[in-house]
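Here's the letter readout for the chains.
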Amino acid sequence: EEDGGSGNFGGSGGSGGGSGSGTGGNKVTNVYVGDKDKNDDTSQEITPPSEPYNDLETVSWAKDSILSLSEKGIVSGDGDGKFRPNDNIKREEFLKIALEAFRLVDTDATCDLDDVSDDAWYYSYIASGMEKGLVEGIDETHFGIGNAITRQDMATLAYRIAVYAGIDLSGGNSVAFSDEAEIGSYAKDAVAAMSAHGIINGVGDGNFAPNSFATRAQACKIISKLLSLA
């Protein structure tokens, strides 16, 4: 699984656990306030809130990022206790997360694309991104609604938004990927800058896999790491 180790998406985020054994530190027993040895009214049981999702065990490297963005209201699950971290993320979904995270949504922005209805939930995000020059469509008349976003497109969009938000991603030592020749010319600078700062790395075996589709967990990790630099 991509970015399961240090130095990539999973890097500093680590797992959501702590020092607990066998459960990743996520199981918290009831906490008592007061003197438990005294049977009086000063003891009060406090039940810690449960985690909102029950399917993050396979993405421990992104768990903290997912929960952090969820608490901020930037991402959400399916309403049935699942986040679906390994599902591919769509172009409009990633744009929403990125713009919401950096508060770059302009409700007055407009756009005119054949596949972007002005009453759709994603209209303001796409209009905002296009007016600010942060995102482009798949052609002159279509944004590509419903299309999964590739890793190189995700890196490019995230990089543009980071620069727009004033995050300094200059310097550093970029990673030399084995499949660098497959990275589109439009994405090379973004991938180089993001990898140089540990925001995004590869999928293993020295590959970046630019044309592979990004997952929801990867999207949360990359946005969370950029927020930490803001």
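Residues numbered from 1 in each chain as written. Predicted model: local features only at pLDDT ≥ 70, side-chain atom pairs only at ≥ 80, totals over all residues. Heavy atoms only, no water.

Asks: Explanation requested: the nonpolar core in the structure shown.
Replies: General note: in soluble globular proteins, nonpolar side chains tend to be found buried as a group. Judged by nonpolar contacts, the single largest core of 58 residues is most densely connected at I66, F94, I222 and L226. Of all the secondary structure elements, the ones that give two or more residues to this core are α1 (63-71), α2 (91-101), α3 (123-131), α4 (151-164), α5 (188-196) and α6 (216-227). Setting aside chain neighbours within four positions, we find I66 in contact with Y53, L56, V59, V75, F83, P85, A217 and C220. (Core = buried A, V, L, I, M, F, W, Y, C linked by side-chain atoms within 4.5 Å. Buried < 20%, exposed > 50% of the residue type's maximum accessible area, 1.4 Å probe, protein only. Helix = DSSP H or I, 4+ residues; strand = E, 2+ residues; numbered from the N terminus. Contact = heavy atoms within 4.5 Å.)

Asks: I would appreciate a short explanation of the packing of aromatic side chains in the present structure.
Replies: Two measures describe an aromatic ring pair: the distance that separates the ring centres and the angle between the ring planes. Applying the stated criterion across every chain, the model contains four aromatic pairs. A centroid spacing of 5.2 Å and a plane angle of 55° characterise the contact between Y53 and F83, whose relative ring orientation is tilted. With Y53 in the loop between β2 (44-46) and α1 and F83 in the loop between α1 and α2, this residue pair connects regions lying 30 residues apart in the sequence. Looking at Y53, the relative accessible area reads 10%, which means it is buried. With relative accessibility at 1%, the residue F83 sits in the buried group. Relative to Y122, the ring of W121 lies with its centre 5.3 Å away and its plane at 75°, an arrangement referred to as edge-to-face. (Phe/Tyr/Trp six-rings, centres within 6.5 Å; stacked < 30°, edge-to-face > 60°.)

Asks: In this structure, what is going on with the pattern of salt bridges? I would like to understand it.
Replies: The tally for this structure, following the rule as stated, stands at three salt bridges. A salt bridge links R84 to D78, with the shortest nitrogen-to-oxygen separation between them at 3.2 Å. Judged by relative accessible area, which is 40%, R84 ranks as partly exposed. In this structure, D153 engages R91 in a salt bridge whose closest nitrogen and oxygen atoms are separated by 3.9 Å. Of the two residues, D153 is situated in helix α4 and R91 in helix α2; the sequence distance between them amounts to 62 residues. Overall, the relative accessible area of 21% leaves D153 in the partly exposed class. (Salt bridge = Lys/Arg side-chain N within 4 Å of Asp/Glu carboxyl O.)

Asks: What is the right way to read unusual backbone geometry from this model?
Replies: Most peptide bonds adopt trans geometry, and most residues besides glycine take a negative phi value. Positive phi, close to 60°, is recorded for R84, a residue that is not glycine. Its place among the elements puts R84 in the loop between α1 and α2. With phi around 60°, D205 is a residue other than glycine that occupies positive phi space. Inspection of the secondary structure puts D205 in the loop between α5 and α6.

Asks: What is the right way to look at the confidence of the model for the protein in this model?
Replies: Any residue range with low pLDDT should be treated as having predicted coordinates unsuitable for detailed reading. Across the protein, the average pLDDT comes to 83, with 78% of residues at or above 70. Long-range and interchain partners of residues 4-38, a stretch whose pLDDT sits below 50, account for 70 contacts in this model, where long-range means more than four residues apart. (pLDDT = per-residue confidence, 0-100.)

Asks: How should I be thinking about α4 in this particular structure?
Replies: Because each turn of an α-helix spans 3.6 residues, side chains separated by three or four positions in sequence point in the same direction. Helix length check: α4 (14 residues) gives 20 Å between terminal C-alpha atoms against 20 Å at 1.5 Å per residue, within 8%. All of the buried residues along α4 are R151, Q152, M154, A155, T156, L157, A158, I161 and A162. Tucked into the core, α4 has its buried residues touching α2, α5 and α6. Positioned one or two residues after α4, G166 has a phi angle of 90°, which is positive. (Expected span 1.5 Å × (residues − 1).)

Asks: Whenever I open this one, a negative patch on the surface confuses me. Can you help?
Replies: On the surface, a cluster of negative charge is contributed by D112, D114, D139 and E140. Note on placement: D112 falls in the loop between α2 and α3. (Patch = residues over 30% accessible without salt bridge, like charges linked within 9 Å, V, L, I, M, F, W, Y side chains within 5 Å. Areas by Shrake-Rupley, 256 points an atom, 1.4 Å probe, with all protein chains shown as cover. Lys, Arg positive; Asp, Glu negative; His and termini not counted. Charge placed at Lys NZ, Arg CZ, Asp CG, Glu CD.)

Asks: Where do I start with the packing of α1 against α6 in this structure?
Replies: Each pair of packed helices gets described by two things: the angle between the helix axes and the distance between those axes. The geometry of α1 relative to α6 is characterised by a closest axis approach of 8 Å and an angle of 75° between their N-to-C directions. The pairing of α1 with α6 is recorded here as roughly perpendicular in orientation. Contact residues: α1 offers S65, I66 and L69, while α6 offers A217, C220, K221, I223, S224 and L227. Within the contact of α1 with α6, the residues separate by chemical class into six nonpolar, two polar and one charged. (Axes fitted to C-alpha atoms, helices over the stretch in contact; angles between N-to-C directions. Parallel < 35°, antiparallel > 145°, perpendicular 65-115°, else oblique. Nonpolar A, V, L, I, M, F, W, Y, C, P; charged D, E, K, R; others polar.)

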